[in-house]
Amino acid sequence: MQLDARAPTGPIEQRWSEARFKSKLVNPANRRKYKVIVVGSGLAGGAAAATLGELGYNVSCFCYQDSPRRAHSIAAQGGINAAKNYQNDGDSVYRLFYDTVKGGDFRSRESNVYRLAELSVNIIDQCVAQGVPFAREYSGLLGNRSFGGAQVARTFYARGQTGQQLLLGAYQSLSKQIEARTVKMHPRTEMLDLIVIDGVARGIVTRDLVTGKIVAHTADVVVLCSGGYGNLFYLSTNAKGCNTTATWRSHRRGAFFANPCFTQIHPTCIPQSGDYQSKLTLMSESLRNDGRVWVPKNVADLDKDPKSIPESDRDYYLERLYPSFGNLVPRDIASRRAKDMCDQGKGVGPEVAGVRRGVYLDFGDAVKRLGRDTVAERYDNLFQMYERITGENPYEVPMRMYPAIHYTMGGLWVDYNLMSTITGLFVGGEANFSDHGANRLGASALMQGLADGYFVLPVTVANYLAGLKPGEALDSHPEVKRTVAEVEERIKMLLSIGGKRTPDSFHRELGALMWDYCGMARTADGLKFALGKIPELRDEFYKDLSIVGSGEELNQMLEKAGRVADFFELAELTCRDALDREESAGGHFREEHQTEEGEAKRNDEAFSYVAAWEFTGATNAPKLNKEPLDFEYVHPSQRSYK
Ligand SMILES: Cc1cc2nc3c(=O)[nH]c(=O)nc-3n(C[C@H](O)[C@H](O)[C@H](O)COP(=O)(O)OP(=O)(O)OC[C@H]3O[C@@H](n4cnc5c(N)ncnc54)[C@H](O)[C@@H]3O)c2cc1C
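The structure displayed is predicted, hence computed values, not measured ones. (Residues numbered from 1 in each chain as written. Predicted model: local features only at pLDDT ≥ 70, side-chain atom pairs only at ≥ 80, totals over all residues.)

(A) Structural detail: the overall build of the protein chain. A tally of helices and strands in the protein chain yields 17 helices and 21 strands. Whereas a compact globule of 642 residues would reach a radius of gyration of roughly 26 Å, the protein chain reaches 24 Å, a difference of no more than 12%. On the principal axes, the C-alpha backbone points of the protein chain span a range of 75 × 60 × 50 Å. Out of the 642 residues in the protein chain, the part that is buried amounts to 54%. (Helix = DSSP H or I, 4+ residues; strand = E, 2+ residues; numbered from the N terminus. Rg over C-alpha atoms; globule rule 2.2 N^0.38 Å. Buried ≥ 20, exposed ≤ 12 C-beta atoms within 10 Å, placed from the backbone.)

(B) Quick peek at the domain arrangement of the protein chain. As far as domains go, the protein chain holds domain 1 (266-404) and domain 2 (478-628). With six residues of domain 1 at the interface, the matching set in domain 2 holds five residues. Ranked by residue count, the leading element in the side of domain 1 that touches domain 2 is helix α9 (residues 331-343), at five residues. Among the residues making up the side of domain 1 that touches domain 2, the classes are represented as one nonpolar, one polar and four charged. (Domains from an automatic or database assignment. Contact = placed C-beta atoms within 7 Å. Nonpolar A, V, L, I, M, F, W, Y, C, P; charged D, E, K, R; others polar.)

(C) Expanded view of unusual backbone geometry. Although it is not a glycine, D105 sits at a positive phi angle of roughly 55°. Note that D105 resides in the loop between α4 (93-103) and α5 (110-130).

(D) Quick peek at the site of the ligand. In the neighbourhood of the ligand, 45 residues make up the surrounding shell, with G40, G42, S73, G227 and G429 lying closest. At the level of elements, α3 (43-55), α6 (162-179), β6 (189-197), α7 (245-252), β17 (399-408) and α12 (445-465) are the ones that each hand at least two residues to the shell around the ligand. A per-class count over the shell around the ligand returns 20 nonpolar, 23 polar and two charged. (Near = placed C-beta within 6 Å.)

(E) Representation of α7. α7 sits mainly inside the fold: seven of its eight residues count as buried. Of all the residues in α7, the buried ones are T245, A246, T247, W248, R249, S250 and H251.

(F) Examining the environment of Y229 more closely. Summarising the element assignment, Y229 is placed in the loop between β9 (221-224) and α7. As a C-alpha pair, Y229 and Y542 span 313 residues in sequence and 22 Å in three-dimensional space. The residues contacting Y229, other than those within four sequence positions of it, are T244, T247, T408 and L570.

(G) Seen up close, the pairing of strand β8 (residues 214-218). When strand β7 (residues 200-208) meets β8, the two strands line up antiparallel, connected through five bridges. In the strand pairing of β8, V205 is matched with A216. Counting the residues that bridge the hairpin from β7 to β8 gives five residues, and of these G212 lies at a positive phi of roughly 80°. (Pairing = 2+ DSSP bridges.)

(H) Local environment of the nonpolar core. Ranked by internal contacts, the top residues of the largest apolar core, which has 181 residues, are V36, V38, I123, V222, V223, L425 and V461. Per element, the largest residue contribution to this core is 13 residues, and it comes from α12. Of the domains in this structure, domain 1 (266-404) and domain 2 (478-628) are the two that each give at least three residues to this core. When near neighbours in sequence (up to four residues on either side) are disregarded, L425 contacts L194, A201, V222, L224, S250, A255, M419 and S420. (Core = buried A, V, L, I, M, F, W, Y, C linked by C-beta atoms within 7 Å.)

(I) Main features of the environment of D504. With respect to the helices and strands, the residue D504 is situated in helix α14 (residues 503-518). Residue D504 is classed as partly exposed on the basis of its C-beta count, with 15 C-beta atoms lying within 10 Å. Sequence separation of D504 and M557 is 53 residues, and the distance between their C-alpha atoms is 8.4 Å.

(J) Geometry of α14. Under the 1.5 Å per step criterion, the end-to-end length of α14 is 21 Å for 16 residues, consistent within 8% with the ideal 22 Å. Three or more residues of α14 are buried, namely P503, F506, H507, L510, G511, L513, M514, Y517 and C518. Seen end-on, α14 carries its buried residues on one side only, within an arc spanning 160°. In this structure, the buried side of α14 is in contact with α15 (524-544) and α16 (556-580). (Expected span 1.5 Å × (residues − 1). Arc of directions from axis to C-beta.)

(K) Up close: the sheet that holds β6. Pairing in this open sheet of three strands is antiparallel, and the strands run β6-β7-β8 from one edge to the other. One side of each edge strand has no neighbouring strand; the edge strands of this open sheet are β6 and β8. The average undirected angle you get between the axes of adjacent strands in this sheet is 25°. Of the strands in this sheet, β6, β7 and β8 are in contact with helix α13 (residues 478-496), which crosses β6 at around 140°. (Axes fitted to C-alpha atoms, helices over the stretch in contact; angles between N-to-C directions.)

(L) Molecular detail of the environment of L235. Mapped onto the secondary structure, L235 falls in the loop between β9 and α7. The exposure class assigned to L235 is buried, which follows from the 20 C-beta atoms found within 10 Å. In sequence terms L235 and L446 are 211 residues apart; their C-alpha atoms lie 22 Å from each other.

(M) Summary view of the sheet that holds strand β20 (residues 609-614). One open sheet holds the four strands; their spatial order is β18-β10-β20-β21, and the pairing between them is antiparallel. The open sheet has two edge strands with one neighbour each: β18 (411-412) and β21 (623-628). Here two bridges tie strand β10 (residues 257-258) to β18, and the two strands are oriented antiparallel to one another. Across the sheet, the residue bridging to F257 is L412, located in β18. Sheet strands in contact with α16 are β10, β20 and β21, and its direction is about 145° off that of β20.

(N) Structural view of the packing of α14 against α15. Packing of α14 against α15 brings their axes to within 10 Å, and their N-to-C directions diverge by 175°. Classified by the angle between their axes, α14 and α15 sit roughly antiparallel to one another. Contact residues: α14 offers F506, E509, L510, L513, Y517 and C518, while α15 offers G526, L527, F529, A530, K533, I534, L537 and F541. Grouping the constituent residues of the contact of α14 with α15 by class yields eleven nonpolar, one polar and two charged. (Parallel < 35°, antiparallel > 145°, perpendicular 65-115°, else oblique.)

(O) Layout of the packing of α3 against α12. One can describe the packing of α3 onto α12 by two numbers: an axis separation of 8 Å at closest approach and a directional angle of 30°. Taken together, the axes of α3 and α12 are roughly parallel relative to one another. Where α3 crosses over α12, the handedness of that crossing is right-handed. Across the interface between the two elements, L43, A44, G45, G46, A47, A48, T51, L52 and L55 of α3 pack against L446, G449, L450, D452, G453, Y454, L457, P458 and V461 of α12. Across the contact of α3 with α12, the residue classes break down as twelve nonpolar, five polar and one charged. (Left-handed = near helix turned anticlockwise from the far one by under 90°.)

So this is what it looks like as structure tokens:
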């Protein structure tokens, strides 16, 4: 299939305003006749549903949590980027655009990234108007800090709770629309399939998570903002509920899945402490503004009290290897270097599976330089969280950190309008693949979610709806009935297996396989091994799965089983994509493709494209479609942060 990105041409700074001008409009009096489904109430979905509701459309919004306020976006700590240049340190929309294309290792679409940078400034205005309590300087101006991959301070923040505060802003706007009855909220309701009629997305099938009732909801357009798939790896920094079911089921109905192997590892997470852990905790990247990363130079010092190790015996390896960016190199690079140090036997902390997986993140100098009060103002809630989990006080003892799976750049393929390969199915936020290429820069996910939700989708969805006759009655359409029947059948099948293993035990094993062979470093042999193992484990899942309880009640085991079943299929596609991409780019590091200094080595000649995978049947190999990437403005070069 020929992929049409519908990316505008012409001067890049005019593309979005021209696209908006050319977009068709819906008369305000007619908007309520159009039914819009939004799956997700995180920053992307919450913002989209609230804005479309405010515009007057008839919106239904779905989430599996008990309140839209509990979407995973609430976990975001460090901040949100915007090219306001309040610091007068040389920032601009163009620089944010440049940093994002380069940071993504030249695997993103320029038009989309420029629009993101352009909209970043509107997001801050919108959120300030909502009352989001961003940190301020003494002067009253909003404060900024730096994040990885940038030499300017453009990250707006609300202590270490930026996601929570932004989500409360979006939630307030959503609540106003719920009250005004332009949005009907469906909490604790999980989308289990997409309804496609004559190639067009026309609704979803959901399960009420409390009663188990399966229901079809039809609409004129479906917008998925269902988040990322980091929990494919079982241990990740994502909320435990995050999953791929909405995106994977849509993929099975015809939406292409793009770049699944572009997964991001975050360098500063609390290290794994044992085999029975179910979650890893992120410590915000903002900590690398003032914390210094090091390991002992001598193996004999690994067990010593870090404070007793003199400066001369410490290796501040990021400052040594990357003097320009130091501790603020992008995530992919900081993560790989931490792994290198641990693989060289210089890791600190307890051994897990025979390896010490930890490097120090030290605030000793920052406390001396800035004083404890200033450090507390910036990071205290993160320090408290760390102390609660590890029992160590970061003001006194260096933190220990190790990389963990954190974010997924891959997702459903979308064109410039954020429409997938299924007509009428739009995708926003982390669920789409759009803006971050092979590596997302810190504080850019919140920016993308809100740009999509508040500013892009309201224009592009309206443009789509303007060409349709609204409100066609579809509830008794045979395709609707067929999709409902298929969902019911799948649930029945999962419940009937009657084996001995829990969904969690399969998920844990699948996650370990993915981390070992498709995690921070990948090889052709390892990926082939994983591609052999995943179907074996999946077969066992369908023979030995145990779910207690029934489908007609609250049953979290059943919920998990459905999600793990979809993770199995996505795992296979992710390994296939990683095997196919014979280069290293951003978060995708193939050991066979590295420079002499151990940096990622791209192959622009052969792989300067988006890999958009097409589902061709449960027993058939997926088909690879390619969207070639052109770089008119930011010319691909070897990324250097030295
Ligand atoms: C610990 C942590 C810290 C982070 N910190 C930052 C940061 O400082 N800055 C930054 O830019 N980014 C950060 N990120 C990344 C960022 O938080 C996420 O990428 C972003 O919030 C995703 O928003 P979203 O709206 O796309 O999805 P989510 O917030 O994940 O929301 C998904 C929504 O979809 C719903 N949903 C999903 N599937 C279904 C289904 N089948 N049926 C019904 N509903 C469904 C959920 O209920 C939820 O409402 C962080 C991530 C983590 C894990």
